[in-house]
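Reading the structure
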Amino acid sequence: DARVTQTPRHKVTEMGQEVTMRCQPILGHNTVFWYRQTMMQGLELLAYFRNRAPLDDSGMPKDRFSAEMPDATLATLKIQPSEPRDSAVYFCASGLGDSTNEKLFFGSGTQLSVL
Amino acid sequence: GESVGLHLPTLSVQEGDNSIINCAYSNSASDYFIWYKQESGKGPQFIIDIRSNMDKRQGQRVTVLLNKTVKHLSLQIAATQPGDSAVYFCAESPTAGGKLIFGQGTELSVKP
């Protein structure tokens, strides 16, 4: 059963530390999205990629967040330095990026707590 | 200190009844709409989608209705079951193959 895999599932860290979250999209999917979910803001789009190229990262705080796709099987989201307000659940999603089939498949998320 | 969270709209229904979850979207140019279900501790899960050239689409026990005139989307769940308890999100995409923008979410609670 194909699925999006995210690691780690949970991360607790101290303010100022670097955090790296990883995502393995479904094989064959060419779009990858990063969303952040909090009680206050709901699901916010941070960045997305098509064919490994970043298309839109306007939702991401540029000074501390970075998103990359080193290869087609790995997407990373880094926060450096982390702050308590970054505490949230971070979801990765992938899709075919086809105009006839746009639905996204979500991973289980990384729950981040910054103390 | 105490944090103030966003209180999701809540819909409480009796098992076996039909549920209707509503969503107002913002962009009149949006071409594609989708409903997701999110259970506690899990990622959003696809339920059903619809394009702007349709006003109704049916799946298994679910129906999505689209009213472009008033920018309104609804999800109907027939014979609601306890397993349907979750938060339901609508999402819109302004362009084909583009990014999905999510709504606030509605919490559905099914009483046995």
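**Remarks on the sheet that holds strand E7 (residues 65-71) of chain A**
To summarise the sheet geometry, strands pair through backbone hydrogen bonds and adopt either a parallel or an antiparallel arrangement. All names here are of chain A. Strands sit in the order E1-E3-E8-E7 across an open sheet of 4 strands; the sheet is antiparallel. Every interior strand has two partners, whereas the edge strands, strand E1 (5-7) and E7, have only one. Ignoring which end each strand starts from, the neighbouring axes of this sheet average 20° apart. Taken together, the 3 bridges between E1 and strand E3 (residues 19-24) define a ladder with antiparallel strand orientation. Looking at the pairing, Gln6 lines up with Cys23 of E3.

**Examining the pattern of salt bridges**
Applying the stated criterion to the full structure yields 10 salt bridges over all chains. The salt bridge involving Lys99(B) is made with Asp56(A); its shortest N-O contact spans 2.5 Å. Within this pair, whereas Lys99(B) is found in the loop between strand E8 (86-93) and strand E9 (101-102), its partner Asp56(A) is found in strand E6 (residues 53-56), the two belonging to separate chains. What makes Asp56(A) buried here is its relative accessible area of 17%. Residues participating in the shared-partner salt-bridge network are Arg64(A), Glu83(A), Arg85(A) and Asp86(A).

**Side note on the nonpolar core**
Ranked by internal contacts, the top residues of the largest apolar core, which has 22 residues, are Met21(A), Trp34(A), Met60(A), Ala67(A), Leu77(A), Ile79(A) and Tyr90(A). Contributing elements (two or more residues each) for this core: E3, strand E4 (31-38), strand E5 (42-50), E7, strand E8 (74-79), strand E9 (88-95) and strand E11 (110-114) of chain A. Apart from residues lying up to four places away in sequence, Tyr90(A) is in contact with Gln6(A), Met21(A), Tyr35(A), Arg36(A), Leu46(A), Phe65(A), Leu77(A), Ile79(A), Gly109(A), Thr110(A) and Leu112(A). If you look at the next biggest cluster of nonpolar residues, it comprises 19 residues, including Val13(B), Trp35(B), Leu73(B) and Leu108(B).

**Some points on the pairing of strand E4 (residues 45-51) of chain B**
Residues and elements named next belong to chain B. Sheet topology places strand E3 (residues 32-38) next to E4; 6 bridges connect them, and they run antiparallel. Directly across from Tyr36, in E4, lies its bridge partner Phe46. Joining the antiparallel neighbours E3 and E4 is a turn of 6 residues, in which Gly41 adopts a positive phi near 80°.

**Concerning the confidence of the model for chain B**
Within chain B, residue pLDDT values average 90, and 90% of them lie at 70 or more. Low pLDDT, under 50, characterises residues 1-5 of chain B; the stretch is placed with 3 contacts to residues that sit more than four places away or in other chains.

**Examining the state of the cysteines**
All names here are of chain A. If you walk through the whole model with that rule in mind, you get 2 disulfides over all chains. Between the sulfur of Cys23 and that of Cys92 lies a disulfide, 1.9 Å long from S to S. Here Cys23 and Cys92 share a disulfide; its torsion about the S-S bond, -60°, makes the bridge left-handed. Of this pair, Cys23 sits in strand E3 while Cys92 sits in strand E9, and the two are 69 residues apart along the sequence. Among the residues examined, Cys23 registers a relative accessible area of 1% and is labelled buried. Using a relative accessible area of 0% as the deciding quantity, one classes Cys92 as buried.

**Considering the layout of surface pockets**
The calculated volume of the largest pocket comes to roughly 580 Å³. Considering the residues around the largest pocket, the lining is formed by 28 residues, among which Gln37(A), Thr38(A), Met39(A), Val89(A) and Gln38(B) are closest to the centre. Sorting the residues of the lining of the largest pocket by element identifies E4, E9 and E11 of chain A together with E8 of chain B as the ones contributing at least two each. Class assignment for the residues of the lining of the largest pocket results in 10 nonpolar, 14 polar and 4 charged. Around the second largest pocket sit 21 residues that line it, and Arg3(A), Phe106(A), Gly43(B), Pro44(B) and Gln45(B) are the ones nearest its centre. Elements with a contribution of two residues or more to the lining of the second largest pocket: E1 and strand E10 (105-106) of chain A together with E3 and E4 of chain B.

**Some remarks on the sheet that holds strand E5 (residues 56-58) of chain B**
Residue and element names in this part refer to chain B. The 4 strands are arranged E2-E7-E6-E5 in an open sheet whose pairing can be described as antiparallel. Both edges of this open sheet fall to strand E2 (19-24) and E5, since each of them pairs with a single strand only. Pairs of neighbouring strands in the sheet enclose a mean axial angle of 15°, with direction left out of account. Relative to strand E6 (residues 62-67), E5 runs antiparallel, the two sharing 3 bridges.

**Here we look at the environment of Val32(A)**
Residues and elements named next belong to chain A. Within the element layout of this structure, Val32 appears in strand E4. Val32 gets classed as buried once you look at its relative accessible area, which sits at 1%. Once the C-alpha coordinates of Val32 and Arg50 are considered, the two residues, 18 residues apart in sequence, prove to be 6.6 Å apart. Once residues lying within four places of it in the same chain are set aside, the contact partners of Val32 are Pro25, Ala47, Tyr48, Phe49, Met69, Ala75, Cys92, Ala93 and Ser94.

About the criteria used
Residues numbered from 1 in each chain as written. Chains lettered and ligands numbered in written order. Predicted model: local features only at pLDDT ≥ 70, side-chain atom pairs only at ≥ 80, totals over all residues. Heavy atoms only, no water. Pairing = 2+ DSSP bridges. Helix = DSSP H or I, 4+ residues; strand = E, 2+ residues; numbered from the N terminus. Axes fitted to C-alpha atoms, helices over the stretch in contact; angles between N-to-C directions. Salt bridge = Lys/Arg side-chain N within 4 Å of Asp/Glu carboxyl O. Buried < 20%, exposed > 50% of the residue type's maximum accessible area, 1.4 Å probe, protein only. Core = buried A, V, L, I, M, F, W, Y, C linked by side-chain atoms within 4.5 Å. Contact = heavy atoms within 4.5 Å. pLDDT = per-residue confidence, 0-100. Disulfide = S-S within 2.5 Å. 1 Å grid on protein atoms, 1.4 Å probe; cavity = no way out; pocket = protein on both sides within 12 Å on 5 of 7 lines; lining within 4 Å. Points joined across faces, edges and corners; volume = space filled by probe spheres on them. Nonpolar A, V, L, I, M, F, W, Y, C, P; charged D, E, K, R; others polar.

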